[in-house]
Amino acid sequence: MRHVEGHDAEFELHAEVQILEPNVERENLTVVYTPDELTVKIKKRESAGMVEYTVIHGDLYEEVDVDGCRVVVKADKVLIKLKKKERKIEWNKLLDESK
């Protein structure tokens with residue numbers, strides 16, 4: 001799996017996650033978000049067959065508006081846009097390890 005990046009400038013409406021994995025097919029991608037949790041899994045063909053990797057799993061730094069979140073699959077990466085529930089909160093990181 002490739003590097004996973006998260007970025008969020010102060011007072012942005014969305015937190016954006018980039019998974020730098022090329023050629024991900026939509027049917028091999030599972031993204032599940034709840035107001036306070038994110039799970040991303042990608043299936044890849046390996047020598048032993050299809051293998052599913054959990055790329056992200058954990059409690060989000062702050063809550064999101066699930067209806068405003070979306071996933072965009074591009075040739076070179078997967079973009080996950082998480083709509084913040086409260087725009088005024090600055091996210092310093094994607095996941096909250098204290099939970």
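Quick summary incoming for the structure in this document. The written sequence of each chain sets the order in which its residues are numbered from 1. Predicted model: local features are reported for residues with pLDDT of at least 70 only, side-chain atom pairs are reported and counted for 80 or more only, and whole-chain, interface and lining totals are derived from all residues. Computation of side-chain values covers all heavy atoms of the structure but excludes hydrogens and water.

**Looking at the overall build of the protein chain**
The condition that has to hold: Where helices and strands are cited, they refer to DSSP runs of H or I of at least four residues and of E of at least two residues respectively, numbered from the N terminus. Exposed residues in this analysis have more than 50% of their type's maximum accessible area, buried residues have under 20%, and partly exposed residues fall in between, with area computed by a 1.4 Å probe over protein chains only. In this description, contact between two residues means that some pair of their heavy atoms is separated by no more than 4.5 Å. Surface exposure here means Shrake-Rupley accessible area, sampled with a 1.4 Å probe, where a residue is shielded only by the protein chains that are shown.
Within the protein chain, the secondary structure is distributed over zero helices and seven strands. Ordered by position from N to C terminus, the α and β elements of the protein chain give β-β-β-β-β-β-β. Counting over 99 residues, the protein chain shows a buried share of 33%. Looking at the protein chain alone, contacts between residues at least 24 apart form 52% of all its contacts between residues at least 6 apart. Carbon together with sulfur atoms contributes 44% to the accessible area of the protein chain, which is approximately 6,100 Å² in total.

**Thoughts on the sheet that holds strand β3 (residues 29–34)**
Cut-off, in case you're wondering: Each pair of strands is called paired provided DSSP finds at least two bridges between the two strands. Under this scheme, a helix contributes an axis fitted over its contacting stretch, all axes are lines through C-alpha atoms, and angles between N-to-C directions fall in the 0 to 180 degree range.
With respect to topology, three strands assemble into an open sheet ordered β3-β4-β5, the strand pairing being antiparallel. On the outer flanks of this sheet lie β3 and β5 (49–59), each paired with one strand and no other. Neighbour-to-neighbour, the strand axes of the sheet open up by a mean angle of 10 degrees, direction not taken into account. The sheet contact formed by strand β4 (residues 37–46) and β5 spans 10 bridges and is antiparallel. Each bridged residue has a counterpart across the sheet, and for K41 the counterpart in β5 is T54.

**Side note on the pattern of salt bridges**
To be explicit about the condition: Here, a salt bridge means any side-chain nitrogen of Lys or Arg that lies within 4 Å of a carboxyl oxygen of Asp or Glu.
On inspection of all chains with the given rule, the structure shows five salt bridges. For K44, the salt bridge goes to E21, with nearest N and O atoms at 3.0 Å. With a gap of 23 residues between them, K44 in strand β4 and E21 in the loop between β2 (14–19) and β3 connect regions that are remote in the sequence. For E21, a relative accessible area of 6% gives the class buried. Measuring nitrogen to oxygen at the nearest pair gives 3.8 Å for the salt bridge that ties D65 to K83.

**Things to note about the nonpolar core**
Quick reminder of the rule: Residues belong to a common nonpolar core when they are buried Ala, Val, Leu, Ile, Met, Phe, Trp, Tyr or Cys residues joined through side-chain atoms within 4.5 Å.
Counting 21 residues, the largest nonpolar core has I19 and L82 as the members making the most contacts within it. At the level of secondary structure, the elements contributing two or more residues to this core comprise β2, β3, β4, β5 and β7 (78–83). When near neighbours in sequence (up to four residues on either side) are disregarded, L82 contacts L13, H14, A15, V17, Y33, L38, L60, V64, C69, W91 and L94.

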